[in-house]
Number of protein chains: 2
Amino acid sequence: MTMPRPNELPADLGRSATYLMVRLGKHAQASFTAGIEPLGLRPPHYDMLVTLAAGMASSQKDLSDVLRVDQARLVALLDEMEEAGFVTRSQDPADRRRNIVVLTKEGERVVARGRRIAADVERELVPLKGSQREEFTAMLRRLVDTARD
Amino acid sequence: MTMPRPNELPADLGRSATYLMVRLGKHAQASFTAGIEPLGLRPPHYDMLVTLAAGMASSQKDLSDVLRVDQARLVALLDEMEEAGFVTRSQDPADRRRNIVVLTKEGERVVARGRRIAADVERELVPLKGSQREEFTAMLRRLVDTARD
DNA sequence: TATTGTTATACTCTATAACTATA
DNA sequence: TATAGTTATAGAGTATAACAATA
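Enquirer: In this structure, what is going on with the pattern of salt bridges? I would like to understand it.
Expert: Two side chains carrying opposite charge are able to pair once their charged atoms lie near each other. Evaluation of the coordinates by the stated rule reveals 23 salt bridges over all chains. For arginine 89 of chain A, the salt bridge identified is with glutamate 82 of chain A, shortest N-O distance 3.2 Å. Residue glutamate 82 of chain A is classed as partly exposed on the basis of its relative accessible area, which comes to 32%. Between arginine 98 of chain B and aspartate 92 of chain B there is a salt bridge, with the nearest N and O atoms lying 3.4 Å from each other. By relative accessible area, arginine 98 of chain B is classed as partly exposed at 23%. According to the relative accessible area criterion, aspartate 92 of chain B is buried, its value standing at 12%. Each of the salt bridges in this network shares a partner with another, and the network as a whole consists of Asp62, Asp92 and Arg98 of chain A.

Enquirer: Explain the protein's contact with DNA strand D here, please?
Expert: As a structural note, the neighbourhood of DNA strand D is formed by 18 residues, with Arg42, Asp70 and Arg73 of chain A together with Gln60 and Lys61 of chain B the closest of them. Take the atoms of DNA strand D that sit within 4 Å of the protein: sugar and phosphate atoms are 71% of them. Asparagine 99 of chain B has a polar backbone atom sitting 2.9 Å from a phosphate oxygen of DNA strand D. Contributions of two or more residues to the surface near DNA strand D are made by helix 5 (71–83) of chain A together with helix 4 (60–67) and helix 5 (71–83) of chain B. The biggest single contributor to the surface near DNA strand D is helix 5 of chain B, with three residues.

Enquirer: Honestly, the environment of alanine 147 of chain B in this entry has me stumped. Any pointers?
Expert: Residues and elements named next belong to chain B. Along the chain, alanine 147 falls in helix 7 (residues 130–148). Under the relative-accessibility criterion, alanine 147 is labelled partly exposed at 27%. Considered as a pair, alanine 147 and glutamine 132 are 15 residues apart in the sequence and their alpha carbons are 23 Å apart.

Enquirer: Any chance you could explain unusual backbone geometry here in plain terms?
Expert: Glycine aside, a negative phi is what most residues show, and trans is what most peptide bonds show. All names here are of chain A. Within the chain, arginine 68 stands out as a residue other than glycine whose phi angle is a positive 55°. Inspection of the secondary structure assignment puts arginine 68 in the loop between helix 4 (60–67) and helix 5. Given a relative accessible area of 42%, arginine 68 falls into the partly exposed group.

Enquirer: Where do I start with the side chain of aspartate 92 of chain B in this structure?
Expert: Along the chain, aspartate 92 of chain B falls in the loop between strand 1 (87–91) and strand 2 (99–103). Here aspartate 92 of chain B is in contact with Arg98 and Ile100 of chain B, once residues within four sequence places are set aside.

Enquirer: Could you clarify how one ought to interpret the relation of the copies chain A and chain B in this entry?
Expert: Both copies of the chain are related by a screw-like operation: a rotation about an axis and a shift along it. If you rotate chain A by 180° and push it 0.0 Å along the axis, it lands on chain B with an RMSD of 0.1 Å. Such a combination of turn and shift is consistent with a two-fold rotation axis. For chain A, the residue whose C-alpha comes nearest the rotation axis is glycine 25 of chain A, separated from it by 2.3 Å. Both copies present the same face, since 100% of the interface residues in chain A are matched by interface residues at the equivalent positions in chain B.

Scoring rules and cut-offs
- Residues numbered from 1 in each chain as written.
- Chains lettered and ligands numbered in written order.
- Predicted model: local features only at pLDDT ≥ 70, side-chain atom pairs only at ≥ 80, totals over all residues.
- Heavy atoms only, no water.
- Salt bridge = Lys/Arg side-chain N within 4 Å of Asp/Glu carboxyl O.
- Buried < 20%, exposed > 50% of the residue type's maximum accessible area, 1.4 Å probe, protein only.
- Near = heavy atom within 4 Å.
- Polar contact = N/O pair within 3.5 Å; in protein donor to acceptor, adjacent residues only side chain to side chain.
- Helix = DSSP H or I, 4+ residues; strand = E, 2+ residues; numbered from the N terminus.
- Contact = heavy atoms within 4.5 Å.
- Least-squares fit on C-alpha atoms with pLDDT ≥ 70 in both.

Now the structure itself:
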């Protein structure tokens, strides 16, 4: 029997950007999930909070559009963040269908801590220096933007 | 209210390789899943079949090691592939705990069709030319290998 | 009629523990 | 004792449809 060495992969997978991206995405997800777990957050929570911190969303619909997360999922995620004291929801007087979502002081603090953890995880995940790292990130960004169209 | 344009993302996410890899991984997964759905396969099925086709695994344990897929998951996945007529399982006479998994003719045909679909999906997902595409794929491979240690 | 938020549901993926048969 | 395969279970992520309130 062939004894597969740890880093062997069939060529159809090991040379497939598709397969490698899926695999890397899962690894990145797992690392970041473990990193922020002590904050009481999972990745989609962090994404929401950071979006609010950047002022890029004020309603649940905004969050849904920016993050491409289903509206129905946001409800439970925001319930959890509200219960943790990281956000508040209040009806928009100008359009009473909408909820205005606001970061609390406590929410801002947890975002700051999350950012530091995100930076740590990223250094471990992508061990590249200076311009090489920036080029790689820029390439990822281009592919994501292409996919968003 | 700010009207977020489609491709805007908070800097904390849009410049995070971690976030972008997660997102790209999910998109790649979804595209490939949709692509091979007509073959009656999902990505983990294809990965198994292609690993068998490459001769890199003969038992379920081998598949588990190469693909880093839990042994318990393989059982159901192989059940489905066996029922579809793409693989056969038979007890290894030399070690009767082991199942020897073999691709059928039908299995080889579906692998060939899957490869073509994988190539199509990849072209759409990573619209780069020649050396740029190869460099990007090589970088992904390096990061995956780092993560595998 | 269309939109925002909500509820309910179901399916996949994943991880885990416990079992069996063999070694 | 340890290993290969199996079974059962439960949690997280995701997608969908249907509903209430409001526009």
